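The primary structure of each chain is shown beneath.
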Amino acid sequence: PPRHGRRPLLLCVIDVLELPEPLLPQLPALLSAEAPAAALMVVANKVDLLPLGGPARLARLRRRVEAACARAGLQQAPLAGVRLVSAKTGFGMEGLVSALQRSWHAAGDVYLLGAANAGKSALFNALLHSDYCKSRAPNAVRCATVSPWPGTTLDLLKFPIINPTCDRIFRRQERLRSEAEKTEEQLSDEELKYLKRLKKQGYLVGEVGRTFQRSKPTPVIDFDPDLLSYSVDEDPGHSPQKQEEMEEFSYNEVKDARWCFDTPGIVRDNCVLNLLTEKEVKLVLPTQAIVPRTFILKPEMVLFLAALGRIDYLEGEKSAWFTVMASRLLPVHVTTLSQADAVYEKYAGKEFMKVPMGGEERMKEFPPLVPQDVTLEGIGTTEAVADIKFSSTGKSAVSRWVAVTAHTQHKLLLRAYAPRGTALVVREPPLLPYIPTIRGARIPGTAAYRTKKPPSLVENLKVPGNR
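All values derive from a computational prediction rather than experimental measurement.

A. Looking closely at the overall build of the chain. Along the backbone of the chain there are eleven helices and 18 strands. In the chain, which comprises 467 residues, the proportion classed as buried is 49%. Taking the intrachain contacts of the chain between residues at least 6 apart in sequence as the baseline, contacts between residues at least 24 apart amount to 80%. Total accessible area computed for the chain in this model is approximately 23,500 Å², and 52% of it derives from carbon and sulfur atoms.

B. Representation of the packing of aromatic side chains in the model. By the definition in use, this model includes six aromatic pairs. Seen in terms of ring centroids, Y313 and F322 are 6.1 Å apart; in terms of plane orientation they differ by 55 degrees. Their pairing is tilted. Each member of the pair, Y313 as well as F322, is classed as buried. An aromatic cluster is built from F124, Y132 and F159, whose rings are joined through pairwise contacts. The residue whose ring lies beneath R427 is W401, and the NZ or CZ to ring-centre distance is 4.5 Å. The ring of Y449 is capped by R439, whose NZ or CZ atom sits 4.7 Å from the centre of that ring.

C. Looking closely at the packing of helix α3 (residues 93-102) against helix α6 (residues 166-180). Packing of α3 against α6 brings their axes to within 12 Å, and their N-to-C directions diverge by 165 degrees. In this view, α3 runs roughly antiparallel relative to α6, as classed from their interaxial angle. The interaxial crossing formed by α3 with α6 has left-handed handedness. Side by side, α3 and α6 meet where E94, V97, S98 and Q101 of the first sit next to I169, R172, Q173, R175 and L176 of the second. Of the residues in the contact of α3 with α6, the class split is three nonpolar, three polar and three charged.

D. Region of the structure containing the sheet that holds strand β3 (residues 79-84). Across the sheet, which stays open at both edges, the six strands sit in the order β3-β2-β1-β4-β7-β5 with mixed pairing between neighbours. With partners counted over all chains shown, the strands left at the sheet margins are β3 and β5 (157-161), one partner each. For this sheet the average axis-to-axis angle between neighbouring strands, irrespective of direction, equals 20 degrees. Where strand β2 (residues 39-45) meets β3, five bridges bridge the pair, whose relative direction is parallel. Residue pairing in the sheet places V43 in a bridge with R83 of β3.

E. Quick look at α3. Among the ten residues of α3, eight are classified as buried, and the element is accordingly described as predominantly covered. Buried residues of α3: M93, E94, L96, V97, S98, A99, L100 and Q101, and no others. Residues of α3 that are buried sit in contact with β1 (9-15), β2, β3, α4 (120-128) and α6.

F. Up close: the nonpolar core. Judged by nonpolar contacts, the single largest core of 48 residues is most densely connected at I311, F322, V324, V355, I388, F390 and L414. Filtering out sequence-adjacent residues up to four positions away, V355 remains in contact with L276, E280, L283, V284, A306, A307, L308 and L330. L10, L19, A68 and L113 belong to the second-largest nonpolar core, a separate cluster that totals 35 residues.

G. Summary view of the sheet that holds strand β15 (residues 401-405). Sheet architecture is open: five strands sit in the order β8-β11-β15-β14-β17, paired in antiparallel fashion. Looking at the sheet topology across the chains shown, the edges are occupied by β8 (293-297) and β17 (425-427). For this sheet, the mean angle separating the axes of adjacent strands, direction not counted, is 25 degrees. Of the strand pairs in this sheet, strand β14 (residues 386-389) and β17 are connected by three bridges, and their pairing is antiparallel.

H. Highlighting the confidence of the model for the chain. Predicted confidence across the chain gives a mean pLDDT of 82, with 76% of residues reaching 70 or more. Counted against residues more than four places away or in other chains, residues 227-236, with its pLDDT under 50, gives four contacts. Every residue in residues 392-397 is under pLDDT 50, and counting partners more than four places away or in other chains gives 31 contacts.

I. Just the UniProt feature "coiled-coil region" (unreviewed entry) in the chain, in detail. Under the present numbering, the feature "coiled-coil region" (unreviewed entry) in UniProt falls on residues 166-193. Annotated as 71% helix and 0% strand, the span residues 166-193 places its first and last C-alpha atoms 35 Å apart.

J. Molecular detail of the side chain of D262. Considering the arrangement of structural elements, one finds D262 in strand β7 (residues 258-262). A polar contact is formed between the side chain of D262 and the side chain of S121, at a distance of 3.2 Å.

K. Main features of the pattern of salt bridges. All told, the structure shown has 19 salt bridges when counted by the stated rule. For R362, the salt bridge goes to E280, with nearest N and O atoms at 2.8 Å. Here R362 is found in helix α11 (residues 359-365), whereas its partner E280 is found in helix α9 (residues 278-284), with 82 residues between them in sequence. The exposure class of R362 is buried, given its relative accessible area of 9%. The buried category is assigned to E280, whose relative accessible area is 0%. Residues R415 and D373 are paired through a salt bridge, measuring 2.6 Å at the closest nitrogen-oxygen approach. A residue pair is termed long-range when its members are at least 10 positions apart, and R415 in strand β16 (residues 411-419) and D373 in strand β13 (residues 369-377) qualify at 42 residues. Under the relative-accessibility criterion, R415 is labelled partly exposed at 28%. Judged by its relative accessible area of 46%, D373 falls in the partly exposed class. Overlapping salt bridges, with partners in common, bring together E94, D131, R172, R175, E179 and R210 in one network.

Thresholds, definitions, all that
Residues numbered from 1 in each chain as written. Predicted model: local features only at pLDDT ≥ 70, side-chain atom pairs only at ≥ 80, totals over all residues. Heavy atoms only, no water. Helix = DSSP H or I, 4+ residues; strand = E, 2+ residues; numbered from the N terminus. Buried < 20%, exposed > 50% of the residue type's maximum accessible area, 1.4 Å probe, protein only. Contact = heavy atoms within 4.5 Å. Areas by Shrake-Rupley, 256 points an atom, 1.4 Å probe, with all protein chains shown as cover. Phe/Tyr/Trp six-rings, centres within 6.5 Å; stacked < 30°, edge-to-face > 60°. Lys NZ or Arg CZ within 6 Å of the ring centre and 35° of its normal. Axes fitted to C-alpha atoms, helices over the stretch in contact; angles between N-to-C directions. Parallel < 35°, antiparallel > 145°, perpendicular 65-115°, else oblique. Left-handed = near helix turned anticlockwise from the far one by under 90°. Nonpolar A, V, L, I, M, F, W, Y, C, P; charged D, E, K, R; others polar. Pairing = 2+ DSSP bridges. Core = buried A, V, L, I, M, F, W, Y, C linked by side-chain atoms within 4.5 Å. pLDDT = per-residue confidence, 0-100. UniProt positions renumbered as here; feature names shortened; annotations may be inferred. Polar contact = N/O pair within 3.5 Å; in protein donor to acceptor, adjacent residues only side chain to side chain. Salt bridge = Lys/Arg side-chain N within 4 Å of Asp/Glu carboxyl O.

So, in structure tokens, the structure goes:
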């Protein structure tokens, strides 16, 4: 219920890889007239995993999120905005903090909602170390556990939100303006090293800074007098280390505070993660920037995505391009239609296909691949017509998809396979329509193109030579 006479703000966190169906079906009921009045802000997370394909990509992604909101029945909801962020690399986080502070006059407590593994805990931790929370909060609030395995957030974690007074807003804007004038050459060695690491992990990189820093007390060094009775050659054993004590808020600090809550993720069914072991999940979930892998297939050729998915190119007059967007640890194999069944029978469950792993015994309990026919018509060699997505809005986001590109008005008959009990979605239009243009040179004698990682974009850093 509303506290302080102000309605709560629901911060709905979605995985942008799972578009167009990542929104929670419970949201319209939470925002209905019968429910307590609440505002809604949608945060599309994990944009750092997607390469920069084509013009105005972020604007196009934003429109896709807004369209998903409309399909979910949120047209009448008091939508406070749609933000594209990466809680991992910090891209868009400063803009999100500014948007949240601008909504202060209309919002009370803030609740992070979303499906399991959408990135709520990572977002909670990023906000905890930003200008959105009280300066002492990081020392008094434990971070949320970030894990690819669903169900790690079991408690209702929270931190107190700082009151964005006019003075604080001004000081924050001054810091952002000063940082935006820097170039990479002006960063310290430590900052540059951290930036390079983020560039390897994602395409869109930012920084979450702090304007209101609390001075750190001088550390007090404790000496154990018992250790002084030993010589350097003697082993005194391991003395028990004291656990670092968490600070506590005073009553006056939090009596009128608004709080940001990290709620447990919503668990759903019909997801391939339900079928995988913990070791297999680490191979399937993309944790770094997805590098597109493009293959050119002729009719009667087959593409395997590990042993979790398969696409048969059954009929068509010309070759077509298939761009795989999945974890780099997931192998892709191309073979002929006549040999495909034998290849799957021989290598499924083994190192060649990696997932699932465990040999014949593992494959006995793993559900068989079920086919679904797909008919597409090409729109040109530089723009994909559709994505074949081997995932669903399930227990956790495991988005893997293949973007299909074909000549203009060229009709294709495909047969896509996914494990029984999981969903296979044809996404039209594709999430990244210009992704086939991000490919290297053709590898002679194979169906593959050389892979290359597109350059990363750093937010809020001045490019040398630009004014």
